[in-house]
Amino acid sequence: MSSLEKSIIADPALAPEGHLKIDWASAHMPVLNKIKEQFEKEQPFKGLKVSISLHLEAKTAYLAKVVQAGGADVTITGSNPLSTQDDVCAALVEDGITVFAKYNPEPEEFKALNIKALESKPDLIIDDGGDLVTLLHSECRELGVNLRGGAEETTTGIIRLKALEKEGSLSFPMVAVNDAYCKYLFDNRYGTGQSVFDGINRTTNLVVAGKTVVVVGYGWCGKGVAMRAKGLGATVIVTEIDAIKAVEAYMDGFAVMPMQEAAKLGDMFVTVTGNRDVIRGEHYKVMKDGAILSNAGHFDVEVNKVELEAMSTGKRTVRRNIEEYKMEDGRNIYLLAEGRLVNLAAGDGHPAEIMDMTFALQALSLKYVNDEFQSIGSKVVNVPYELDEKVARLKLESLGFGIDKLSPEQIAYLDSWTEH
Ligand SMILES: NC(=O)c1ccc[n+]([C@@H]2O[C@H](COP(=O)([O-])OP(=O)(O)OC[C@H]3O[C@@H](n4cnc5c(N)ncnc54)[C@H](O)[C@@H]3O)[C@@H](O)[C@H]2O)c1
């Protein structure tokens, strides 16, 4: 059967636009290009089936092609109903990849498409947020019979994996790609920082300068969002539950206060905690008229939509990806992209140069888990430091600048406890 016959996508005729998008992204992903060359020669995945669940846009599509270049039979599905781009899906199908994804399917259809992506009984998986892993540990156990292991993309997925591991239920090795330096230092911080405002700005077409932006959560993503909000001229307030992160935000020059106080002051809110209900009923009560809420955390649980809906007298779409909630006292509260990650559901996600490093780590981690799955066992493991460093070195090389080397004397000095 051809990949078109096997796939479920919105419209194969959209392929030309998708190819252009993938070509643009890949031209800005020099590290992944190098890994593609390596994979073409070494064929690390020859004869293996790989199933991928990621935000299905152009950079992801290029990662799928790199894995395919390594000899794999690749199947891909979306990790969020609103981040799938139909033209990119059509292009991948033309390139011989099986795709089960459409933009904005109903929740049941979204899950059915994820399950379809496992029906090939993959040897390896790439997951984002833990949806494939969850299926393989619940209703789709039988589809995991060939599984050697996989790699997980994001903070939220790793939290779920560690919970499975702690319970003793994890049944194959998973590499925590998010926890590599070349992932969270750049992707979570600079990638999320820039792309969140790309999403908010193109969606609202409003100015950020002069507004008060409340950043909920000062982890790696939150630091990036706060930094870019400040750069755009906003007054930034950070809310946290962790005392150390709160002091860090204060030292970085931001106001820190509980959400109940920040709720009264914010013009724009961005949640990035990986936690649920961080903005909820008691906060909606005191918000300004016109407050704009958005989320950049993995799941659409950070802004409590059920309470917002219950407290409002009506809702309407006022612009693509903007819902207006009319409150009983006449105030309007706006929610972007249904509370799903605003940078992907209402934008194109992180810049290509950032995803270059993240997806280089994904590709190398997939090879690592395939080579070492027997010795790793059913555990969550970090990306080996050598791979993390290799990605940084390739990035430097592609940027055309070098760094210094330690002299033998310096190595001896750093290894010694007697020299000073
Ligand atoms: N939008 C994207 O493109 C993108 C990219 C990477 C990660 N993510 C997702 O973003 C989320 C955050 O990731 P991260 O890497 O920054 O995680 P992190 O663990 O580094 O940071 C999360 C922060 O939120 C804080 N927090 C938790 N509950 C809170 C609450 N009730 N109020 C205020 N702060 C609270 C924590 O103390 C922590 O400092 C995750 O869901 C992750 O999967 C999204």
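Residues numbered from 1 in each chain as written. Predicted model: local features only at pLDDT ≥ 70, side-chain atom pairs only at ≥ 80, totals over all residues. Heavy atoms only, no water.

Remarks on the overall build of the chain
- Each helix and strand in the chain was counted, giving 18 helices and 15 strands.
- Rg of the C-alpha trace for the chain: 22 Å, near the compact-globule value of 22 Å for 420 residues, within the 12% margin.
- Projecting the C-alpha coordinates of the chain onto the three principal axes gives extents of approximately 70 × 65 × 45 Å.
- Each of the 420 residues in the chain was classed as buried or not, and the buried ones make up 56%.
- Across the chain, contacts joining residues at least 24 apart in sequence account for 71% of those joining residues at least 6 apart.
- With the model as given, the accessible surface of the chain reaches about 18,400 Å², and the carbon-plus-sulfur share is 52%.
- Across the chain, the 45 positively charged side chains and the 61 negatively charged ones have centroids separated by 1 Å. (Helix = DSSP H or I, 4+ residues; strand = E, 2+ residues; numbered from the N terminus. Rg over C-alpha atoms; globule rule 2.2 N^0.38 Å. Buried < 20%, exposed > 50% of the residue type's maximum accessible area, 1.4 Å probe, protein only. Contact = heavy atoms within 4.5 Å. Areas by Shrake-Rupley, 256 points an atom, 1.4 Å probe, with all protein chains shown as cover. Lys, Arg positive; Asp, Glu negative; His and termini not counted. Charge placed at Lys NZ, Arg CZ, Asp CG, Glu CD.)

Let's talk about the site of the ligand
- Around the ligand, the surrounding shell holds 29 residues, and the nearest of these are Thr154, Thr155, Thr156, Glu240 and Asn343.
- Here glutamate 240 contributes a side-chain N or O atom positioned 2.5 Å from an oxygen atom of the ligand.
- Between the ligand and histidine 298 there is a distance of 3.0 Å, counted from an oxygen atom to a backbone nitrogen or oxygen.
- Relative to its unbound accessible surface of 860 Å², the ligand loses 87% to contact with the protein.
- Broken down by secondary-structure element, the contributors of at least two residues to the shell around the ligand are helix H8 (155-166), helix H9 (181-204), helix H10 (220-231) and helix H15 (342-345).
- Considering each element in turn, the shell around the ligand owes the most residues, three residues, to H9. (Near = heavy atom within 4 Å. Polar contact = N/O pair within 3.5 Å; in protein donor to acceptor, adjacent residues only side chain to side chain.)

Structural notes on the sheet that holds strand E6 (residues 174-176)
- An order of E3-E2-E1-E4-E5-E6-E15 is seen for the seven strands of this open sheet, with the pairing classed as parallel. Two strands in the sheet have a free side with no partner beyond their single neighbour: strand E3 (98-100) and strand E15 (380-382). Between one strand axis and the next, the sheet turns by 20° as a mean value, whatever way the strands run.
- In terms of strand pairing, E6 meets E15 through three bridges, oriented parallel. In the sheet register, methionine 174 faces E15, and the bridge partner there is valine 380.
- Where helix H6 (residues 107-116) meets the sheet, its contacts fall on strand E2 (73-78) and E3, and the angle it forms with E2 comes to roughly 165°. (Pairing = 2+ DSSP bridges. Axes fitted to C-alpha atoms, helices over the stretch in contact; angles between N-to-C directions.)

Let's talk about the domain arrangement of the chain
- On domain assignment, one finds that the chain holds domain 1 (3-183 + 350-399) and domain 2 (191-345).
- Put simply, the middle of domain 1 and the middle of domain 2, counted by C-alpha atoms, are 29 Å apart.
- With both sides pooled, the region where domain 1 packs onto domain 2 buries about 1,300 Å², and carbon together with sulfur makes up 60% of that total.
- Three residues stand out in domain 1 for area buried against domain 2, namely Leu82, Thr156 and His350, and they jointly supply 40% of the buried area on that side.
- Where domain 1 meets domain 2, there are zero salt bridges.
- Connecting domain 1 to domain 2 are three residue pairs in polar contact (both at pLDDT 80 or more). (Domains from an automatic or database assignment. Buried area = accessible area lost by both parts, 1.4 Å probe. Salt bridge = Lys/Arg side-chain N within 4 Å of Asp/Glu carboxyl O.)

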